[in-house]
Amino acid sequence: MRSKVTVVGAGNVGATAVQRIHQLGYADTVLVDVVEDLPQGKALDMLESGPVIGSDAMVTGSNSYEETAGSDVVVITAGIARRPGMSRDDLLLTNMNITSAVTEQVVKYSPDCIILAVTNPLDAMCQNILESSGFPRNRVFGMAGVLDTARFRTFIAQELNVSVEDVQAYVLGGHGDDMVPLVRYTTVGGIPISEMMSEETVDALVQRTRQGGGEIVALLKAGSAYYAPSASITQMVEAILLDKKRILPGCAYLEGEFGINGLCVGVPVKVGAGGMEQVIEIKLTDDEQKALEASAASVQELVEVMKNAKEGAQ
């Protein structure tokens, strides 16, 4: 019996994630969106690729949540992108309301699922989904660090003309301009990158990583990245479904780890059948700790705006 994965949001990120998961062949997927016929059309198109790619897995599109019932994993990508004239708080509160409504339906139909948050602003939405679900922290966590780390690894591999497979790195903190690439833990074939490139080059790659999403938005002119984000989602979903016990950077609710309490922030985590099974607390230098705390403070600001909005609505 195949696993069941639901992806909420049939935009580029969500639909491409379903395509990648379908191609793996061992999970039936449900694509949900409020736009009438959109998820059904995309799902049918993907399903018809089955004979070519060799996947017997089912792909279903729906405008409601009944067909998602009993999902093992639910990926929430639903939300709007920031539009001209829209403030960060406008985006935050709009997507807060969307993810709250989505989570209510997810919990109703799949009370035992693991939820992977992807909607931006990622860390704040992860916190909102966690609180809205009432789930324990191991069953709600976010995907951003895998993406940010993939970008960092790509830039390093390009700079050194080496295989991306040999580049290992970690990016911690919030999914934003103050994310924290851990240069000290970054290696190529086990060799620290500090021995392979200058400090100036490393700093430039760190800065490019922090602005990685914006670089793609500027090139596309309309829309944002979705190939790398969907691949990152798929890696985390696969780690859950196959109980891989992968050590990956993920957005987790911290309970004192790294000196941070009661906040969803990107840190190294173990991902397996139990979801976010463990926060891997590594030793940081004073500068790294300060950078992580500064990143967490930015997330805390967004959480406070959400909290005030919720209290004002009561």
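Quick summary incoming for the structure in this document. In this text the structure is predicted, and so the values were computed from the model without any measurement.

### Observations concerning the sheet that holds strand β7 (residues 167–168)
- Read from one edge to the other, the open sheet built from three strands follows the order β7-β10-β11, with strand pairing classed as antiparallel. Each edge of the open sheet carries a strand with a single partner, namely β7 and β11 (191–192).
- By the bridge criterion, two bridges tie β7 to strand β10 (residues 187–188) in an arrangement that is antiparallel. Bridging from a neighbouring strand, V167 pairs with V188 of β10.

### What about the pairing of strand β13 (residues 261–272)?
- Among the 12 residues in β13, nine count as buried, and that is most of the element.
- Counted between consecutive antiparallel strands, the loop separating strand β12 (residues 246–255) from β13 contains five residues, among which G256 sits at a positive phi close to 105°.
- Bridge count for β13 against strand β14 (residues 275–279) is four bridges, and the pairing is antiparallel. Note on β14: the bridge partner recorded for K270 is Q278.
- Hairpin connection of β13 to β14: two residues between the antiparallel strands.

### Details of the packing of helix α5 (residues 122–133) against helix α10 (residues 286–313)
- Viewed as axis vectors pointing N to C, α5 and α10 meet at an angle of 45°, and their least axial separation amounts to 9 Å. For the element pair α5 / α10, the angle class is oblique. In this structure, α5 crosses over α10, and the sense of that crossing is right-handed. Every residue of α10 that contacts α5 at D123, A124, M125, Q127, N128 and E131 is listed here: V299, L302, V303, M306 and K310.

### Focus on empty space enclosed by the protein
- Applying the stated criterion to the full structure yields one cavity of 30 Å³ or more.
- Within this model, the largest cavity holds a volume of roughly 60 Å³.
- What lines the largest cavity is a set of 14 residues, among which A144, G145, G173, C251 and G266 lie closest to the centre.
- Secondary-structure elements contributing two or more residues to the lining of the largest cavity are α5, α6 (145–160), β8 (171–172) and β12.
- Top contributing element to the lining of the largest cavity by residue count: β12, with three residues.
- Partitioning the lining of the largest cavity into residue classes produces six nonpolar, six polar and two charged.

### Looking at the packing of α6 against helix α7 (residues 199–210)
- For the pair α6 and α7, interaxial distance at closest approach is 9 Å and the crossing angle is 140°. Here α6 and α7 pass one another in a crossing that is right-handed. Between α6, through D148, R151, F152, F155, I156, Q158 and E159, and α7, the contact on the second element is made entirely by T201, L205, V206, R208 and T209.
- Looking at the contact of α6 with α7, its residues break down into five nonpolar, three polar and four charged.

Thresholds, definitions, all that
Residues numbered from 1 in each chain as written. Predicted model: local features only at pLDDT ≥ 70, side-chain atom pairs only at ≥ 80, totals over all residues. Heavy atoms only, no water. Pairing = 2+ DSSP bridges. Helix = DSSP H or I, 4+ residues; strand = E, 2+ residues; numbered from the N terminus. Buried < 20%, exposed > 50% of the residue type's maximum accessible area, 1.4 Å probe, protein only. Axes fitted to C-alpha atoms, helices over the stretch in contact; angles between N-to-C directions. Parallel < 35°, antiparallel > 145°, perpendicular 65-115°, else oblique. Left-handed = near helix turned anticlockwise from the far one by under 90°. Contact = heavy atoms within 4.5 Å. 1 Å grid on protein atoms, 1.4 Å probe; cavity = no way out; pocket = protein on both sides within 12 Å on 5 of 7 lines; lining within 4 Å. Points joined across faces, edges and corners; volume = space filled by probe spheres on them. Nonpolar A, V, L, I, M, F, W, Y, C, P; charged D, E, K, R; others polar.

Shape is all these values report; function is a separate question.
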